[in-house]
Amino acid sequence: MTTLQDQLIARITAEGPISLADYMAECLLHPEYGYYTTATPFGAQGDFTTAPEISQMFGELIGLSLAQCWLDQGAPAPFTLAELGPGRGTLMADLLRATRGVPGFHAALRLHLVEASANLQKQQAEALAGYDVTWVDSIDELPRQPLFLVANEFFDALPIRQFVRDGEGWREKRVGLAEGALCFGLGPEASQPALEHRLLDTKDDDLVELSPAAAPISASLAQCIARHGGAALIIDYGDWRSLGDTLQALKSHEPVDPLTSPGSADLTAHVDFEVLCSVAKGAGCAHSKVTPQGVFLERLGITDRARTLAAGLDGEALENLIAAHRRLTHPEEMGNLFKVLGLTPSTIAPPPGLNE
Ligand code: SAH
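These remarks concern the structure in this document. (Residues numbered from 1 in each chain as written. Predicted model: local features only at pLDDT ≥ 70, side-chain atom pairs only at ≥ 80, totals over all residues. Heavy atoms only, no water.)

## Observations regarding the packing of aromatic side chains
On inspection of all chains with the given rule, the structure shows seven aromatic pairs. Between Tyr 35 and Tyr 36 the ring centres are 5.3 Å apart and the planes differ by 70°, which places this aromatic pair in the edge-to-face class. Judged by its relative accessible area of 0%, Tyr 35 falls in the buried class. Aromatic side chains Trp 70 and Phe 105 sit 5.1 Å apart centroid to centroid with 80° between the ring planes, which places their arrangement in the edge-to-face category. Of this pair, Trp 70 sits in helix α5 (residues 56-72) while Phe 105 sits in helix α7 (residues 105-108); the two residues are 35 residues apart in sequence, bridging distant segments of the chain. Comparing Trp 70 with Phe 105 shows no difference in burial state: the two are buried. Ring-pair connections join several aromatic residues into one group, and the members of that group are Trp 70, Phe 79, Phe 105 and Phe 148. If you follow Lys 173 out to its NZ or CZ, it ends over the ring of Phe 184, 4.7 Å from the centre. (Phe/Tyr/Trp six-rings, centres within 6.5 Å; stacked < 30°, edge-to-face > 60°. Buried < 20%, exposed > 50% of the residue type's maximum accessible area, 1.4 Å probe, protein only. Helix = DSSP H or I, 4+ residues; strand = E, 2+ residues; numbered from the N terminus. Lys NZ or Arg CZ within 6 Å of the ring centre and 35° of its normal.)

## Brief notes about the packing of helix α12 (residues 302-310) against helix α13 (residues 315-329)
When two helices pack together, their arrangement is given by the angle between the helix axes and the distance between those axes. Relative orientation of the contacting elements α12 and α13 amounts to 170°, with a least axis distance of 10 Å. Relative to α13, α12 is oriented roughly antiparallel. Touching Ile 302, Thr 303, Ala 306, Leu 309 and Ala 310 of α12 are Leu 318, Leu 321, His 325, Leu 328 and Thr 329, all from α13. Residue composition of the contact of α12 with α13, by class: seven nonpolar, three polar and no charged. (Axes fitted to C-alpha atoms, helices over the stretch in contact; angles between N-to-C directions. Parallel < 35°, antiparallel > 145°, perpendicular 65-115°, else oblique. Contact = heavy atoms within 4.5 Å. Nonpolar A, V, L, I, M, F, W, Y, C, P; charged D, E, K, R; others polar.)

## Brief notes about the packing of α5 against helix α6 (residues 90-98)
Direction vectors running N to C along α5 and α6 enclose 55°, while the axes themselves pass 7 Å from each other. With respect to α6, the element α5 is oriented oblique. Crossing angle aside, the handedness with which α5 passes α6 is right-handed. Together, Gln 56, Phe 58, Gly 59, Glu 60, Ile 62, Gly 63, Leu 64 and Leu 66 of α5 and Leu 91, Asp 94, Leu 95, Arg 97 and Ala 98 of α6 make up the contact between the two elements. Classifying every residue of the contact of α5 with α6 by side-chain character gives seven nonpolar, three polar and three charged. (Left-handed = near helix turned anticlockwise from the far one by under 90°.)

## Examining the sheet that holds strand β12 (residues 254-255)
Taking strand neighbours across the sheet as the criterion, the three strands line up as β12-β11-β13 in an open arrangement whose pairing is antiparallel. Two strands lie at the open edges of the sheet, namely β12 and β13 (266-268), each paired on one side alone. (Pairing = 2+ DSSP bridges.)

## A word on a negative patch on the surface
A cluster of acidic residues, Asp 166, Glu 189, Asp 204 and Asp 205, forms a negative patch at the surface. With respect to the helices and strands, Asp 205 occurs in the loop between β8 (181-190) and β9 (207-210). (Patch = residues over 30% accessible without salt bridge, like charges linked within 9 Å, V, L, I, M, F, W, Y side chains within 5 Å. Areas by Shrake-Rupley, 256 points an atom, 1.4 Å probe, with all protein chains shown as cover. Salt bridge = Lys/Arg side-chain N within 4 Å of Asp/Glu carboxyl O. Lys, Arg positive; Asp, Glu negative; His and termini not counted. Charge placed at Lys NZ, Arg CZ, Asp CG, Glu CD.)

## Let's talk about the pattern of salt bridges
Under the counting rule described, the total for this entry stands at 17 salt bridges. Close ionic contact of Glu 53 with Arg 88 constitutes a salt bridge, the shortest N to O distance being 2.9 Å. Here Arg 88 lies in the loop between β2 (79-84) and α6 and Glu 53 lies in helix α4 (residues 51-54), a separation of 35 residues in the sequence. Taking relative accessible area as the criterion, Arg 88 reaches 30% and is therefore assigned partly exposed. One salt bridge connects Asp 94 with Arg 97, and the closest N-O pair in it is separated by 3.0 Å. One end of the pair, Asp 94, and the other, Arg 97, are both in helix α6, three residues apart, so they sit about a helical turn from each other. Taking the relative accessible area as the measure of exposure, Arg 97 reaches 35% and is therefore partly exposed. Ionic contacts of the salt-bridge type, sharing partners, join the residues Arg 11, Glu 15, Asp 22 and Glu 26 into one network.

## Looking at the site of the ligand
Around the ligand sit 17 residues, and of these Thr 50, Gly 85, Gly 87, Glu 115 and Asn 152 come closest. Here a nitrogen atom of the ligand sits 2.7 Å away from a polar atom, N or O, in the main chain of Asn 152. Residue composition of the shell around the ligand, by class: nine nonpolar, five polar and three charged. (Near = heavy atom within 4 Å. Polar contact = N/O pair within 3.5 Å; in protein donor to acceptor, adjacent residues only side chain to side chain.)

## A short note on helix α10 (residues 273-282)
For α10, the complete set of buried residues consists of Phe 273, Glu 274, Leu 276, Cys 277 and Ala 280. With its buried residues spanning 165° around the axis, α10 presents them on a single face. Residues of α10 that are buried in the fold lie against α9 (214-228), β10 (230-239), β14 (271-272), β15 (285-287) and β17 (338-345). Its side-chain oxygen at 3.1 Å from the backbone nitrogen of Glu 274, Asp 272 defines the N-terminal cap of α10. (Arc of directions from axis to C-beta.)

So, in structure tokens, the structure goes:
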């Protein structure tokens, strides 16, 4: 039994069942025992591998897409270059290296990272040694100036609530106790104003998910971009509108039961891109099509970049490069499951890679 498990059992005994969102928040970000607080989640030794950890090409191409947006908007200076949930700092390090040759970009950028985990902040500081980095707890603390932002696998780490349709109302999935162990149960039937539109496309017993934090974050970043200029690239797994249970717990690259050993497995859920888009639109931003990651990277020239890198390689290193290219782009690997969304001011075309 982990200590977080003891704490959760004590809390549920005292207060009654808690929502899945409260459970996820404790598991991921508990200041002492949370997954992102304590674990080293990424890479071959960790629990999962993200795109920037697969190949430098990912961060490089994101960098060039954002730098082109910056040039297209008249190279505003100063501007905020920001990342939400930067993990080990790999994507940002690759992005910065790739944009070194863009005249004026580095002189104008003010680097801001939004990161909740002190442990990961330390790793980011090491990866970005030599750069002037400001860490903030929330997107609302970013300076009021043009904002060029990337978020890779950030929204999928935000806690979700789950609801099961029951007549004209919903029963919320909660974490309670059965014989002293954590278990899932359903709360009483109630109406949910935020799910009003889902009464139209669901039937009894269907499960829908809602991320309480996703909409406000999308609204804040869209407001900043609409007001001051800039662009956001949001990359994550998921699709347009959520349906069904997508909660996933991963440990050592294997799926595990989300309720066993809380705090020691990564918990994620598919991102509902419809919510991000509609909120961003309401805040005055244009949004691109939700584009498969493989299509996005191919349009930005990942195959040419891979060829250039391949020229200096042979043997295992070359095999690894070919495998990384395939993993990032192939529809049966990350190419289709992961989607890219671009946000820009309403009068500005979508970032490169997301155009028709
Ligand atoms: N973008 C990285 C890491 C993805 S994991 C990559 O692609 O490799 C999710 C990241 O988001 C971690 O850095 C985690 O600590 C951070 N995170 C999760 N919830 C957060 C929150 N509410 N506020 C800020 N950062 C958060």
